[in-house]
Amino acid sequence: MKRKGKRIFHWVSSQKFPDFPKFLPSLTLSMQEFFKFLPEFPNFLPKIPRFPPKTLNVLAHLELLEAQHRGWAEAQERQEQLQEREKFLKSRIQELRQRRDALREKVRQELGNLGIASEPDPREVLEWKIQKCRELLRLFRLTGISGKLSPHGISLSLHTSFEGSLLDSFHLELQERGDSGRFWLCRHSVPPFIPLERLARELLPRNPRQFLGILCRHLNTFVGRREQLRKLQEEFPDSVQVLSQNSLCNFLSFRYRIPAESSGEFQEFRAQLRYRDPTGTRPDDVTAVTGDGERGIVGILGVFWEFWDFFENS
Amino acid sequence: MHFNLPLSKSVVVSHLGLTLMSASTEVQLFIPWKGASPLNLPVAWSYFLQPFSFPGGSIMDETVAEYIRRTVLKMPRDEIKMMLQKWGFLSEAQLQTLNFHQQKDNISQEVVQLCEENSAGIKQAAALDIIYNHIYQNKRMWSVYQMKKSGEEEEYFDIADFKKKFKGRIRSALKNVTITFKEYEDNAIWIRVAWGTPHKKPNQYKPSYVVYHSQTPYVFISASVLKSNLPLLCQALIVASNYRDIREMELRSHSLNSLKDIVFKRYSQNFQTYSPKPVQGWNVEAENADRRIVHENRSVKERIHRLNQESFGCGPQPKLEFAQYRLDTMFKSDPKMDVLDKKEPFRCLVKFSSPHLLESLKSLAPLGMADAPLSPLLTCITHKARNYFKIREKKESFVSP
């Protein structure tokens, strides 16, 4: 006599299994209990017949498949309908929002006409504040130093200026090393004749503010000297000839040809300007040499101070 | 972009404009002069002759004359007048007498005649050569050298002092050299050195050029074919500019301005700021032009464009011709495949070359040929200022010895 009843499935293996949770009393599962652990089937699926099917009738099987697919097609249609409804509702929302904004404007106008100030919309106030912040950040470059946090670290921009006009900008990227609070220089666009590495080595680990301040001064004075030289050449192309200059513009020599007032001839003399301190705007050393000797110096110095005034006031 | 996988060194052909004209002094040439004596003397012989006077009354060395003639022949015909004016050795009146619409041969002969009248020496000829090479600097291959500071801060740079020390150092080692200096407005000092030996006169056709910007630690050298004089040149540079040491950076190119841009950090880098940068959108105008075209992957393209801009920056790139990677890494394969019996590093040389390498790398991602972001090996070329890399096994770091 065959024993009919629950079929008992045992794990057939000698492998070690992971610990089962405690609420599972036994390892034996029947077919029905097995179905309970599967994820919930969607409702529209017809009941899955037991496998293997009872009959091997092909037509019946095909009918089964057709029914399945019909069910799926209906489900798809329903989904599409839902999506359309969603779209329609969204556009309706947009429409209503526009109407609301238009009406709000109208109300504000009417109130304005009547002379009553209306309350500002909190959202608008926030937007205005954000806009203001953004503009302020953009304008910050006029202070000379501005920065921004970037994914790689801090990106600082040094904007140089001379006598009210903004000139070149130089950029630095600093990264923080570890948690010690020390910065190190990652990338930069500073020209090589500025002693950037020396300053970074000496000042950056200990005192980043001082480093930035001194670097700013170096750059500003360099750009200022360069600008002064360029203006001098522009304003007096005939009278002044630059004999030599160097990259930092701190050792310049000129030749001046000034028409003398009394006679029609030119007076020539040479001057050498030396800026010992790279952060100084005034030269430390001025040597003027004339070909005339003593006699010409007095007259020439007067003209020289004219040029110097130009330097000061340009 | 082509791949080169030779196991030997790859040879880079440098465009020396002078190679066509370089005649070593051993070759005998017969130069028919207009006003020469009936004897047609070869060049080599002129070393042993005293400079003899022409009916015009000028005294000029034959080698100098030949050198000036060759230099003028190198110049394109439209530019000869401009270069002679820059030279400033011939007066305006003399330049007016020249006819620039004839054959270059005849122009050069006339120029040489005028130089004879003014009795040009080798210095003036060298100056003309510097002018030609300054305008056609992209014909030579330049390599960058970096000098290390000696420690004390120099107050200012005196060019007269520099010249004196440089000349002194070279002359103390080698008597037969021609050294010429020329300063340009961008603070560049061009130095031309023609080398000779203790027994031979300097070879004017194979000079070395050095470009130095004052108060920077970088020197750009275009060495002549005679490489044995390079150590002396480097030593003279260190002595003259008060530095301690000099080493060659792995950066070479034909375009001198691009090398300067890379090394002086003048190229466009991408720094984050709040100020609005000129947004070179992604051709927004072209998009709006034809509304019938719909771009399905607009967001992908914008992402690629943004990543590209982060690595390369917005502006034009410096012009390099090649990037060379020497791989010294182990071949990683499935151990079962067992490609190599011996466990030694797989040596491989990968060379990217292009008329404008960085622009082509920049356009790889937008054209879809590579994934954005590009490999840091390619994008670090300008940042690290090198285009010769050695990639070792350990941590895949690209530091060369």
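It should be emphasised that the depicted structure is a prediction, and the values quoted were computed from it without experimental measurement.

A look at the overall build of chain B
So, step 1. Helices and strands together make up the secondary structure of chain B, namely 14 helices and 9 strands.
So, step 2. Here chain B holds 401 residues, and 46% of them are scored as buried.
So, step 3. Looking at chain B alone, contacts between residues at least 24 apart form 67% of all its contacts between residues at least 6 apart.
So, step 4. In the structure as shown, chain B presents an accessible area of about 21,800 Å², 54% of it carried by carbon and sulfur atoms.

Concerning the sheet that holds strand S3 (residues 188–195) of chain B
All names here are of chain B.
So, step 1. Spatially, S2-S3-S4-S5-S1-S6 is the arrangement adopted by the 6 strands of the open sheet, whose pairing is antiparallel. The open sheet has two edge strands, strand S2 (177–183) and strand S6 (243–253), and neither has a second partner. Averaged over all pairs of adjacent strands, the angle between their axes in this sheet comes to 20°, without regard to strand direction.
So, step 2. Strand direction decides the pairing type here: strand S4 (residues 208–213) and strand S5 (residues 218–222), joined by 4 bridges, are antiparallel. Bridging across to S5, Tyr209 finds its partner in Ser222.

Here's the deal with the sheet that holds strand S7 (residues 322–329) of chain B
Residues and elements named next belong to chain B.
So, step 1. Taken in spatial order, the 3 strands make up an open sheet running S8-S7-S9, and their pairing is mixed. Across the chains shown, the open sheet's two edge strands, defined by having one partner strand only, are strand S8 (346–353) and strand S9 (388–391). Strand after strand, the sheet turns through a mean of 15° between neighbouring axes, direction not considered.
So, step 2. Pairing of S7 with S8 involves 8 bridges; the strand directions are antiparallel. What sits directly across from Arg326, in S8, is Leu349.

Re the interface of chain A and chain B
So, step 1. Chain A puts 30 residues into the contact, and the matching count from chain B is 24 residues.
So, step 2. Between chain A and chain B, a total of about 2,500 Å² is buried, with carbon and sulfur atoms accounting for 57% of that surface.
So, step 3. For the chain A face of the interface with chain B, the top three residues by lost area are Lys148, Arg187 and Pro192 of chain A, together amounting to 24%.
So, step 4. In this structure, the connection of chain A to chain B is made through 0 salt bridges.
So, step 5. At the surface where chain A touches chain B, the tally comes to 2 residue pairs in polar contact (both at pLDDT 80 or more).
So, step 6. Of all elements in the fold, only helix H3 (122–139), strand S1 (145–150), strand S2 (153–162), strand S3 (165–177) and strand S4 (182–188) of chain A reach the threshold of two or more residues within the side of chain A that touches chain B.
So, step 7. Its residues assigned to classes, the side of chain A that touches chain B comprises 11 nonpolar, 11 polar and 8 charged.

Digging into the UniProt feature "coiled-coil region" (unreviewed entry) in chain A
So, step 1. This chain's UniProt record puts "coiled-coil region" (unreviewed entry) on residues 79–113 of chain A.
So, step 2. In residues 79–113 of chain A, helix accounts for 100% and strand for 0%; the two terminal C-alpha atoms are 51 Å from one another.

Overview of the packing of aromatic side chains
Within a pair of aromatic rings, the relevant descriptors are the distance that separates the centres and the angle that separates the planes.
Residues and elements named next belong to chain B.
So, step 1. The full count for this structure, using the stated rule, is 15 aromatic pairs over all chains.
So, step 2. Between the aromatic rings of Tyr67 and Tyr205, the centroid separation amounts to 5.2 Å while the plane-to-plane angle is 80°, which identifies the pairing as edge-to-face. Residue Tyr67 is found in helix H1 (residues 62–74), and its partner Tyr205 is found in the loop between S3 and S4; the two are separated by 138 residues along the sequence. An identical accessibility class is assigned to Tyr67 and Tyr205; each is buried.
So, step 3. Taking the centre distance of 5.8 Å and the plane angle of 85° together, the rings of Phe322 and Tyr388 count as edge-to-face. Of this pair, Phe322 sits in strand S7 while Tyr388 sits in strand S9, and the two are 66 residues apart along the sequence. In this pair, the class of Phe322 matches that of Tyr388, namely buried.

Some points on the nonpolar core
Residues and elements named next belong to chain B.
So, step 1. Ile68 and Leu84 are the most contacted members of the largest nonpolar core, which totals 63 residues.
So, step 2. Dropping the residues within four chain positions of it, Ile68 is found in contact with Trp87, Val111, Val112, Cys115, Ala120, Ala125 and Leu128.
So, step 3. By size, the runner-up hydrophobic cluster in this structure holds 29 residues, among which are Val219, Ile238, Ala240 and Ile246.

Considering the confidence of the model for chain A
Close inspection of predicted coordinates is inappropriate for parts of the model with low pLDDT.
So, step 1. Across chain A, pLDDT averages 77, with 71% of residues at or above 70.
So, step 2. Per-element confidence in chain A is highest for helix H2 (residues 58–114) of chain A, whose mean pLDDT is 92, and lowest for helix H6 (residues 294–313) of chain A, whose mean pLDDT is 56.

Remarks on the pairing of S5 of chain B
Successive side chains on a regular strand alternate, one facing one side of the sheet and the next facing the other.
All names here are of chain B.
So, step 1. With 5 of 5 residues buried, S5 is to be regarded as a mostly interior element.
So, step 2. Neither face of S5 is open: one carries Tyr218, Phe220 and Ser222, the other Val219 and Ile221, and all of them are buried.
So, step 3. With 4 bridges joining them, strand S1 (residues 142–149) and S5 adopt antiparallel strand pairing. Residue pairing in the sheet places Gln146 in a bridge with Tyr218 of S5.

Calculation criteria
Each chain has its residues counted from 1, following the order in which its sequence is written. In the order they appear in the text, chains get letters beginning with A and ligands get numbers beginning with 1. Side-chain atom pairs in this predicted model are given and counted only at pLDDT of 80 or more, local residue features only at pLDDT of at least 70, and totals for whole chains, interfaces and linings cover all residues. Side-chain descriptors were evaluated using all non-hydrogen atoms of the structure, hydrogens and water having been removed beforehand. Per the convention used, a helix needs a DSSP run of H or I reaching at least four residues, while a strand needs a run of E reaching at least two, with both numbered from the N terminus. To sort residues, take the accessible area from a 1.4 Å probe on protein chains only and compare it with the maximum for the residue type: under 20% means buried, over 50% means exposed, and anything in between is partly exposed. Contacts are assigned to residue pairs that have any heavy atoms within 4.5 Å of one another. Method for areas: the Shrake-Rupley scheme with a 1.4 Å probe, in which residue coverage is limited to the protein chains shown. Two strands qualify as a pair provided DSSP detects at least 2 bridges between them. Lines fitted to C-alpha atoms define the axes, with helix axes restricted to the stretch in contact, and inter-axis angles between N-to-C directions lie between 0 and 180 degrees. The term buried area refers to how much accessible surface (probe radius 1.4 Å) is lost by two components on association, counted for both of them together. One speaks of a salt bridge when a side-chain nitrogen belonging to Lys or Arg is within 4 Å of a carboxyl oxygen belonging to Asp or Glu. Throughout this description, a polar contact denotes any pair of N or O atoms lying within 3.5 Å of each other; where both atoms belong to protein, one of them has to be capable of donating a hydrogen while the other can accept it, and for residues adjacent in sequence the pair is counted only when both atoms sit in side chains. When residues are grouped by polarity, Ala, Val, Leu, Ile, Met, Phe, Trp, Tyr, Cys and Pro land in nonpolar, Asp, Glu, Lys and Arg in charged, and all others, Gly among them, in polar. UniProt positions are given in the numbering used here, feature names are shortened, and annotations may be inferred rather than shown by experiment. Pairing of aromatic side chains requires ring centres within 6.5 Å, counting the rings of Phe and Tyr and the six-membered ring of Trp. Pairs whose planes differ by under 30 degrees are stacked, by over 60 edge-to-face, and all others tilted. Note on terminology: a nonpolar core comprises buried Ala, Val, Leu, Ile, Met, Phe, Trp, Tyr and Cys residues joined through side-chain atoms within 4.5 Å. As a per-residue measure, pLDDT tells how confident the predictor is, with possible values from 0 to 100.

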